[in-house]
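# Report on the structure
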Amino acid sequence: MTDMSAAEPGPEQPDAGDSVIVTRALTKRYRGGQLAVDGLDLTVPAGSVFGFLGPNGSGKTTTIRMLMGLIEPTSGTARVLGRPMPRATRTVLPQVGALIEGPALYGFLSGRDNLLRYDAGDPTADPRTRRQRIAAALDRVGLTAAAGKKARAYSLGMKQRLGLAAALLQPRRLLVLDEPTNGLDPQGMREIRSLIRELASDGTTVFLSSHLLDEIEQVCTHAAVMAQGRLITQGAVGDLAAGMRGRLVVTTPDTADAARVLKEQGAGDVVVTEDQVTAEPPDRDLADLNAALVTAGVRVRGFGVERPSLEDAFVALTGEGFDVAG
Amino acid sequence: MSQAELTRPASVLWTFGLLRNELRTTLRRWRTLALLGVLAAVPVLVGVAVKIETGDGGSVGGGGGEGPAFISQITNNGLFLVFTALAATLPFFLPMAIGVVAGDAIAGEANAGTLRYLLVAPAGRTRLLLTKYATTMAFCLLATLVVAVSALTVGALLFPLGDLTTISGTQISFTEGLGRALLIALIVAASLTGVAALGLFVSTLTNSGIAAMATTVGLLITIQILDQIPQLDALQPYFFSHYWLSFADLMRDPIYWDDLVKNLGLQALYAGVFGSAAWARFTAKDITA
Ligand SMILES: Nc1ncnc2c1ncn2[C@@H]1O[C@H](COP(=O)(O)OP(=O)(O)OP(=O)(O)O)[C@@H](O)[C@H]1O
Ligand SMILES: [Mg+2]
């Protein structure tokens, strides 16, 4: 054996040691001049279910295209599984399953034949196990019964499932799923979520883009938030929401009294709705607050701190709604 | 699952799985079958027309200069229908069929979005392009053989078969005639490799399969027209279709090779130039469709 080190990438950056995706100052300006991704520094830890969140047009798909070597970055670098993209597509991509911007199928081929074709596209896929792996993938997404049907006769949700099956043709170290639940019925969404959890528990890192906040909240361990091509924040989902304090919610018929007491106790931003009073909780034991309310004769029917949702986090971070930028 | 298990080495043979799949997929498109059907019908039409016209014992194209090459000989020997049919389809029907298949090769996949999934499979851009070109060449051969076999069948059914007279006036046996017919079919198929490369290059320029097909066929027609304009005779030797009909020289005795070699050289030049251009374009292209 000759010295292999020449073919290997250089030593990895210390912070990238255990990361599946690392981008540094990744930037893409499309030929039309549209700056779609702007200086993105993304770090996706191994084994995470990573939610990639942002409104329409914020650059999620563009980032994924760069990670998959489909488009060349204008500047900056992207490493996937420790190797530079798009240079290392041949070694990296066989270990990556991807669903990008919805499924794309050959309408005149059956679902099974579509998978046969995509699997034949991978030169590292063993043709001897092809049939068997395809059957397993079809089974995993619940398409076994419809596998012989022409793909043009598939419903949107069935196409989406077949696209997922294509991503699952081999054991993967990384799954990149661009809005995987698009077009699925609620039952299908649940199935996909449990599939993602199952894959994650096998050790597959899942990179999941979505503009559905609750989807991310339900399955993701980590998340990044994009807006207008820039990264707003990234980190563990718990930390993201924890960065924001929850709101104190008191349910009571005596809203006026409750609001007065809360203000006296130092709560800020008191808002009265029909039978609820919400406020920024003060820096003190909430039990005392509750006692004060009861002492003042407020009939407290509910008392608690509402966990901030990612949507709240998003609005707080971007200072704007979850809208498409012009 | 260990990393070693996932980065297993590929067998060299596995790499051809894509080519096998591509050939099968191409043949399963109804469009391919329709093109082959049209090509198979041409010899039938020519054969039946000749049969009807000569039903009274006369001969077609008596002057010898009329109609496609060899047509006047068909009534004596059905094998000549093969040469006539190839001469009749080579200027337009055959290259049009190739233009459709080649033009659609990359652009059609881009249009359907399947290109991105082939590339993340990962099919590899160079491998995919080579696969597409090989498939287009295989289609050239298949299309030519469909014309030849259809012509041979119709010729055998409608006309007598036997020894034949070459353009030079010598006699050759029927078996040798069959051999020449096969050689001619191979040369005709090879004559189409230039159009195939041109079509493939056009296919890398756009994300619309229809646009690529139309452009390729449009270029084909334009070149055919320009090839008829005497003022352009300085340029004409560089038109990919200029020496196409030289395949008739295979029916001389001895075979006259000059134009045949020029034709093959020109096809190789086109394949080299446009193949490289297609590769340069496709390997550097942003795939956003
Ligand atoms: N092929 C392209 N050429 C030019 N501009 C593009 C192209 N694709 C996307 N863009 C632009 O780049 C920006 C980011 O688009 P991108 O598709 O990455 O957004 P996204 O976050 O995936 O949105 P969505 O949630 O709608 O899928 C948008 O402003 C879009 O208009
Ligand atoms: Mg998108």
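- Under the annotation held in an unreviewed UniProt entry, chain B carries the name ABC transporter permease and is attributed to Streptomyces cupreus.

- Within an unreviewed UniProt entry, the label attached to chain A reads ABC transporter ATP-binding protein, and the organism entered is Streptomyces cupreus.
- Its UniProt record gives chain A a comment under Sequence similarities (unreviewed entry), which states: "Belongs to the ABC transporter superfamily."

### Topic: the packing of aromatic side chains
- According to the stated counting rule, one finds eleven aromatic pairs over all chains in the structure shown.
- Ring centres 6.0 Å apart and planes at 45 degrees place the aromatic pair Tyr106 of chain A and Tyr118 of chain A in the tilted group. You can see Tyr106 of chain A sitting in the loop between strand S7 (96-99) and helix H3 (111-121) and its partner Tyr118 of chain A sitting in helix H3, a full twelve residues away along the chain. A single burial state applies to Tyr106 of chain A and to Tyr118 of chain A, both of which are buried.
- Summarising the aromatic geometry, the rings of Phe201 of chain B and Phe274 of chain B are spaced 5.8 Å apart at their centres and angled 45 degrees between planes, so their arrangement reads as tilted. Residue Phe201 of chain B is located in helix H9 (residues 193-205), and its partner Phe274 of chain B is located in helix H11 (residues 258-284); the two are separated by 73 residues in the primary sequence.
- Judged by relative accessible area, which is 21%, Phe274 of chain B ranks as partly exposed.

### Topic: the sheet that holds S7 of chain A
Residue and element names in this part refer to chain A.
- One open sheet accounts for six strands, arranged S7-S8-S9-S4-S10-S11; its pairing is mixed. Among the strands making up the open sheet, the edge pair consists of S7 and strand S11 (230-236). The average angle at which neighbouring strand axes cross in this sheet is 10 degrees, direction not considered.
- Direction of pairing for strand S4 (residues 49-53) relative to strand S9 (residues 205-210): parallel, over a ladder of five bridges. Its bridge partner being in S9, Phe50 is matched across the sheet by Phe207.
- Relative to S9, helix H1 (residues 60-67) is tilted by about 145 degrees, and along the sheet it contacts S4, strand S8 (174-178), S9 and strand S10 (222-227).

### What to know about the site of ligand 1
- Near ligand 1 there are 15 residues, and of these Asn56, Gly57, Lys60, Thr61 and Thr62 of chain A occur at the shortest range.
- Those residues lying near ligand 1 are distributed over chains A and B.
- Contacts to ligand 1 include Lys60 of chain A, whose side-chain N or O atom sits 2.7 Å from an oxygen atom.
- Between an oxygen atom of ligand 1 and a side-chain N or O atom of Glu179 of chain A, the distance comes to 3.2 Å.
- If ligand 1 stood free it would expose 640 Å²; the protein chains cover 69% of that surface.
- Sorting elements by how many residues they give to the shell around ligand 1 places H1 of chain A first, with four residues.
- Of the residues in the shell around ligand 1, the class split is three nonpolar, nine polar and three charged.

### Observations regarding the domain arrangement of chain A
- Each assigned domain of chain A is listed with its residue range as follows: domain 1 (19-236) and domain 2 (244-317).
- In this structure, domain 1 of chain A and domain 2 of chain A have C-alpha centres spaced 42 Å apart.

### Quick look at the confidence of the model for chain A
- Averaged over all residues, the pLDDT of chain A equals 84, while 89% of them reach at least 70.
- Low pLDDT, under 50, characterises residues 1-16 of chain A; the stretch is placed with 13 contacts to residues that sit more than four places away or in other chains.

Calculation criteria
- Residues numbered from 1 in each chain as written.
- Chains lettered and ligands numbered in written order.
- Predicted model: local features only at pLDDT ≥ 70, side-chain atom pairs only at ≥ 80, totals over all residues.
- Heavy atoms only, no water.
- UniProt positions renumbered as here; feature names shortened; annotations may be inferred.
- Phe/Tyr/Trp six-rings, centres within 6.5 Å; stacked < 30°, edge-to-face > 60°.
- Helix = DSSP H or I, 4+ residues; strand = E, 2+ residues; numbered from the N terminus.
- Buried < 20%, exposed > 50% of the residue type's maximum accessible area, 1.4 Å probe, protein only.
- Pairing = 2+ DSSP bridges.
- Axes fitted to C-alpha atoms, helices over the stretch in contact; angles between N-to-C directions.
- Contact = heavy atoms within 4.5 Å.
- Near = heavy atom within 4 Å.
- Polar contact = N/O pair within 3.5 Å; in protein donor to acceptor, adjacent residues only side chain to side chain.
- Areas by Shrake-Rupley, 256 points an atom, 1.4 Å probe, with all protein chains shown as cover.
- Nonpolar A, V, L, I, M, F, W, Y, C, P; charged D, E, K, R; others polar.
- Domains from an automatic or database assignment.
- pLDDT = per-residue confidence, 0-100.

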